[in-house]
Structure formats: structure tokens, C-alpha cells
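This is what each chain is made of:
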Amino acid sequence: MLNWLWGFMIIIGIVYALITGNIESVTQGAFASAKEAVTLCITMFGIMSFWCGLMEIAEKSGLIDKCRYMIEPLIKWLFPGVPSSSKAFGYIVTNMISNFLGLGWAATPAGIKAMKEMAVLNENKNIASCDMCTFLVINISSIQLIPVNIIAYRSQYKSPDPTAILFPSIIATTISTLAAVIFCRVMTRRER
């Protein structure tokens, strides 16, 4: 549906440019945007590689296991239906730590694997479990200590202080995650 909407808007823009005689502006805008997109992709790729590499080092050095030990009680409380010995539990921990560090790229594969493993644990295959819903909501709202994407975008567009959003970001994501946890706990109790 969204593809149709975007396609329709592009076609309308081109037709309007033809009617008003501004087709050159469309062409120039398309080339400028393409150049900007490639530059942004290169910048994001470098930042993504750096942070994903750090996450890999943290995992191999045992830092992730230490963090897992520290947040294990919280994970057990948030996801009571997921045994700590299951693969899903490990993927949830990796996902949450990655999101906390602002590494959405590193968090996504772990999040997908966590959902697949929780689907295996789910008794009713037609309906998502409370743990699956909780994981999704917390994943979407996750607290970010370092919002890597936004800092990268701000750097790309020559912000004088790309990291100025750190404190507001921590406040906003903390509030959204607390709201998500409260919502999930209320809905879980209601379900039971």
C-alpha cells in the first residue's frame, strides 16, 4: 500500500513539473538526492561497522555474559514464560543490550531469533504470547544510552554538536520504555 502511495506522489510530482515546465528541477533534485543517499549510506555503513564490531568484541570478551548476569533478574521478571536456559533468553539479552547501546543493526538479528525461539515456546501458534508482545513493545520503545543513528545523521548534515541529543534521548526513551513495561504488565495481568 505504501509503495502505491509513494509511486502515486512521485508520478504526480513529475506530471506537475512537466506541466509547469520545471522538469529540469526534478532531474537535478533526483541526482542530488541520489548523491546524498549514497554519501549517507557510506557514512552509516562506517558507523554501523564500528559499533557492530565493538558488540562482537564485547561478546567474545565475555562482557555480554557479565551484562547478562546483571540483567537476568529483570529479564526473568519481564518474560516469565521464557526459561533462562532457552536460546530465546540469550537472544533477548543480546537484543536488549544492543538496543541499550543504540546498536539497532546488531539488535535486529538477535530480536528476530528471539521471536522465532519464543514462537517455539508458545503453546498457541495462532496468537502471540504475552512474552512475545512484551518483547516487541519493549524492543520498539527501548532505552538508548547512545542514539548512534541520530548522531550519525546529525554528523552527516553538519550539525555543530551532533551529540547534543544524548540527554533528551535518554529521557525520552526511558519514559517510553517505562510506559511500555507498565502497559505490558497491566495487559499480562488482565490476560491471566
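Cut-off values and rules
- Residues numbered from 1 in each chain as written.
- Predicted model: local features only at pLDDT ≥ 70, side-chain atom pairs only at ≥ 80, totals over all residues.
- Heavy atoms only, no water.
- Core = buried A, V, L, I, M, F, W, Y, C linked by side-chain atoms within 4.5 Å.
- Buried < 20%, exposed > 50% of the residue type's maximum accessible area, 1.4 Å probe, protein only.
- Contact = heavy atoms within 4.5 Å.
- Axes fitted to C-alpha atoms, helices over the stretch in contact; angles between N-to-C directions.
- Helix = DSSP H or I, 4+ residues; strand = E, 2+ residues; numbered from the N terminus.
- Parallel < 35°, antiparallel > 145°, perpendicular 65-115°, else oblique.
- Left-handed = near helix turned anticlockwise from the far one by under 90°.
- Salt bridge = Lys/Arg side-chain N within 4 Å of Asp/Glu carboxyl O.

In the annotation of an unreviewed UniProt entry, the entry for the protein chain reads Nucleoside recognition domain-containing protein, and the organism field reads [Lactobacillus] rogosae.

A.B. asks: Can you help me understand the nonpolar core in this one?
C.D. replies: Counting residues in hydrophobic clusters, the biggest one holds 22 residues, and the most contacted among them are Ile 75, Phe 79, Val 82, Ile 92, Met 96 and Met 118. Filtering out sequence-adjacent residues up to four positions away, Ile 92 remains in contact with Ile 75, Phe 79, Val 82, Ala 114, Met 118 and Phe 135.

A.B. asks: Please explain the packing of helix α6 (residues 130-141) against helix α8 (residues 166-191) as it appears in this structure.
C.D. replies: A pair of packed helices can be characterised by two numbers: the angle between their axes and the separation between those axes. Interaxial distance between α6 and α8 falls to 8 Å at its minimum, and their mutual angle equals 165 degrees. Relative to α8, the element α6 is oriented roughly antiparallel. Classified by chirality, the crossing of α8 by α6 is right-handed. Contacts from Cys 130, Cys 133, Thr 134, Val 137, Ile 138 and Ser 141 of α6 reach α8 at Thr 173, Ser 176, Thr 177, Ala 180, Val 181, Cys 184, Thr 188 and Glu 191.

A.B. asks: What's the story with the pattern of salt bridges in this structure? I'm lost.
C.D. replies: Side-chain pairing between opposite charges can occur once the charged atoms of the two side chains come close. As enumerated under the stated definition, the model contains one salt bridge in all. The salt bridge partner of Glu 72 is Lys 76, with a shortest N-O separation of 3.4 Å. Residue Glu 72 and its partner Lys 76 are both found in helix α3 (residues 63-78); the two are separated by four residues, about one turn of the helix. Taking relative accessible area as the criterion, Glu 72 reaches 19% and is therefore assigned buried. Exposure remark for Lys 76: the relative accessible area of 42% places this residue in the partly exposed category.

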